[in-house]
Amino acid sequence: MTEPRTISQTPAQAVVFLETLAAIVEKSPVTYSADSAADLAAHLRGMAEAVTSEAHVNPAELNTTRQYAALDWHNEAVGVLFAAEHRPTFL
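Residues numbered from 1 in each chain as written. Predicted model: local features only at pLDDT ≥ 70, side-chain atom pairs only at ≥ 80, totals over all residues. Heavy atoms only, no water.

A. Summary view of the overall build of the protein. Within the protein, the regular secondary structure consists of three helices and zero strands. Ordered by position from the N terminus, the helices and strands of the protein form the series α-α-α. Within the protein, the proportion of its 91 residues that are buried is 21%. A separation threshold of at least 6 residues defines the contact pool for the protein, and within that pool the share at least 24 residues apart is 69%. Working note: accessible area of the protein is about 6,800 Å², and carbon and sulfur atoms make up 59% of it. (Helix = DSSP H or I, 4+ residues; strand = E, 2+ residues; numbered from the N terminus. Buried < 20%, exposed > 50% of the residue type's maximum accessible area, 1.4 Å probe, protein only. Contact = heavy atoms within 4.5 Å. Areas by Shrake-Rupley, 256 points an atom, 1.4 Å probe, with all protein chains shown as cover.)

B. Structural detail: the side chain of threonine 65. Mapped onto the secondary structure, threonine 65 falls in helix H3 (residues 59–80). When residues no more than four places from it in sequence are discounted, the contact partners of threonine 65 are Ala12, Gln13 and Val16.

C. Inspection of helix H1 (residues 11–27) at higher detail. Over its 17 residues, H1 extends 24 Å from the first C-alpha to the last, a length consistent with the 24 Å expected when each residue adds 1.5 Å. Buried residues of H1: Ala12, Val15, Val16, Leu18, Thr20, Ala22 and Val25, and no others. (Expected span 1.5 Å × (residues − 1).)

D. View of helix H2 (residues 34–54). Helix length check: H2, at 21 residues, gives a terminal C-alpha distance of 30 Å against a target of 30 Å (1.5 Å per residue), a fit within 8%. Of the positions making up H2, those classed as buried are Ala37, Ala41, Leu44 and Ala48. Considered in projection along H2, the buried side chains sweep an arc of 65° and stay on one side of the axis. Turned more than 90 degrees off the buried face of H2, the exposed positions are Asp35, Asp39, Glu49 and Glu54. Buried residues along H2 sit against H1. Looking one or two residues past H2, histidine 56 carries a phi angle of roughly 55°, positive in sign. (Arc of directions from axis to C-beta.)

E. Region of interest: the nonpolar core. With 13 residues, the main nonpolar core has Val15, Leu44, Val57 and Leu62 as its most contacted residues. Every element with two or more residues in this core is listed here: H1, H2 and H3. With six residues, the single largest contributor to this core is H1. In contact with leucine 62, other than residues within four places in its own chain, are Ala12, Val15, Val16, Thr52 and Val57. (Core = buried A, V, L, I, M, F, W, Y, C linked by side-chain atoms within 4.5 Å.)

Below, the structure written as structure tokens:
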């Protein structure tokens, strides 16, 4: 029997996830109006800032996590946002 695999999550990963989610919401306001998308993105960024300050995230670790995530999330964003209704927002 194989052991279940888990990836430990760090506060830096949570921050980068929230920042990435904010960028996706901002670039693709299909479900929301452009103003609502901007408001939601700002709220998500505020959450990321709160995690950063309250968890005392190491700036170097956060920077490294952002660099790795930029590669991973770029691929995810392309996959998710490849649908025709999203294309005009990426031109």
